[in-house]
Amino acid sequence: MTTMEELLGGHPFFAGLAASAVQLIAGCAANVHFAAGDYIFGAGEAASRFYVIRQGRVALEVHSPTRGPLVIDTMDAGEVLGWSWLVPPYRYFGDARAVTPVSATALDGTCLRGKCEADAELGYQLMQRVTTVMYQRLESARVRLLDLYGPEAVRA
């Protein structure tokens, strides 16, 4: 049987972290599963969990009053979801929906913040990783906006 430390230690997000740090993080972890179509979290909800996706695909959506849910990004196995656990006011800004069946490790945000406050090095390591994810999501959104509006918007 695979331990939580092994599951987390083998995930790309935690690559290069000391075994002791992975062990600390594992104390905040639980395995979760979602069926295709299940909502993992909703916009405005308390960002209580951070998800390490092991299997499946998740769509990050925002709601448009005229068009309904719009997919702004997707995450697959090897990626993470829900960085809002680290950034006040600790609220999710979009909806996350399982596109396919999803297996993930859910990390309790309050537990993680407490461990980061108690161990500055761990906090720094996680902040570096989360800001990298935020940067990648911002870049992805930028590319999607360019696809959506195309060269016509540039001339306006």
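As shown above, the structure is provided for reference.
Residues numbered from 1 in each chain as written. Predicted model: local features only at pLDDT ≥ 70, side-chain atom pairs only at ≥ 80, totals over all residues. Heavy atoms only, no water.

Let us now look at the nonpolar core. The biggest cluster of nonpolar side chains holds 24 residues, and the ones touching the most others in it are Leu8, Phe14, Ile25, Leu107 and Leu126. Secondary-structure elements contributing two or more residues to this core are helix H1 (4-9), helix H2 (19-26), strand S3 (49-55), helix H3 (109-118) and helix H4 (120-155). By size, the runner-up hydrophobic cluster in this structure holds 17 residues, among which are Ile40, Ala47, Val58 and Val102. (Core = buried A, V, L, I, M, F, W, Y, C linked by side-chain atoms within 4.5 Å. Buried < 20%, exposed > 50% of the residue type's maximum accessible area, 1.4 Å probe, protein only. Helix = DSSP H or I, 4+ residues; strand = E, 2+ residues; numbered from the N terminus.)

The next subject is the sheet that holds strand S4 (residues 57-64). Strand order in the open sheet made by the four strands is S2-S7-S4-S5, with antiparallel pairing throughout. Of all strands in the sheet, those bounded by a partner on one side alone are strand S2 (39-41) and strand S5 (68-76). Pairwise comparison of adjacent strand axes, ignoring direction, gives a mean angle of 35° for this sheet. Examined bridge by bridge, S4 and strand S7 (residues 95-98) share four bridges and lie antiparallel to one another. Each bridged residue has a counterpart across the sheet, and for Ala59 the counterpart in S7 is Arg97. (Pairing = 2+ DSSP bridges. Axes fitted to C-alpha atoms, helices over the stretch in contact; angles between N-to-C directions.)

Further remarks concern the layout of surface pockets. Volume-wise, the largest pocket comes out at about 240 Å³. Only S5 and H4 provide two or more residues apiece to the lining of the largest pocket. Residue contributions to the lining of the largest pocket peak at five residues, all from H4. Of the residues contributing to the lining of the largest pocket, the split by class is seven nonpolar, no polar and two charged. (1 Å grid on protein atoms, 1.4 Å probe; cavity = no way out; pocket = protein on both sides within 12 Å on 5 of 7 lines; lining within 4 Å. Points joined across faces, edges and corners; volume = space filled by probe spheres on them. Nonpolar A, V, L, I, M, F, W, Y, C, P; charged D, E, K, R; others polar.)

Time to look at the sheet that holds S3. Across the sheet, which stays open at both edges, the four strands sit in the order S1-S8-S3-S6 with antiparallel pairing between neighbours. Of all strands in the sheet, those with a lone pairing partner are strand S1 (29-34) and strand S6 (80-81), marking the two edges. The sheet contact formed by S3 and strand S8 (residues 102-108) spans six bridges and is antiparallel. Bridging across to S8, Gln55 finds its partner in Ser103. Each of S3 and S8 is contacted by H3, which is oriented at about 50° to S8, the strand it contacts most. (Contact = heavy atoms within 4.5 Å.)

Remember that the coordinates give geometry; whether it matters functionally is a separate question.
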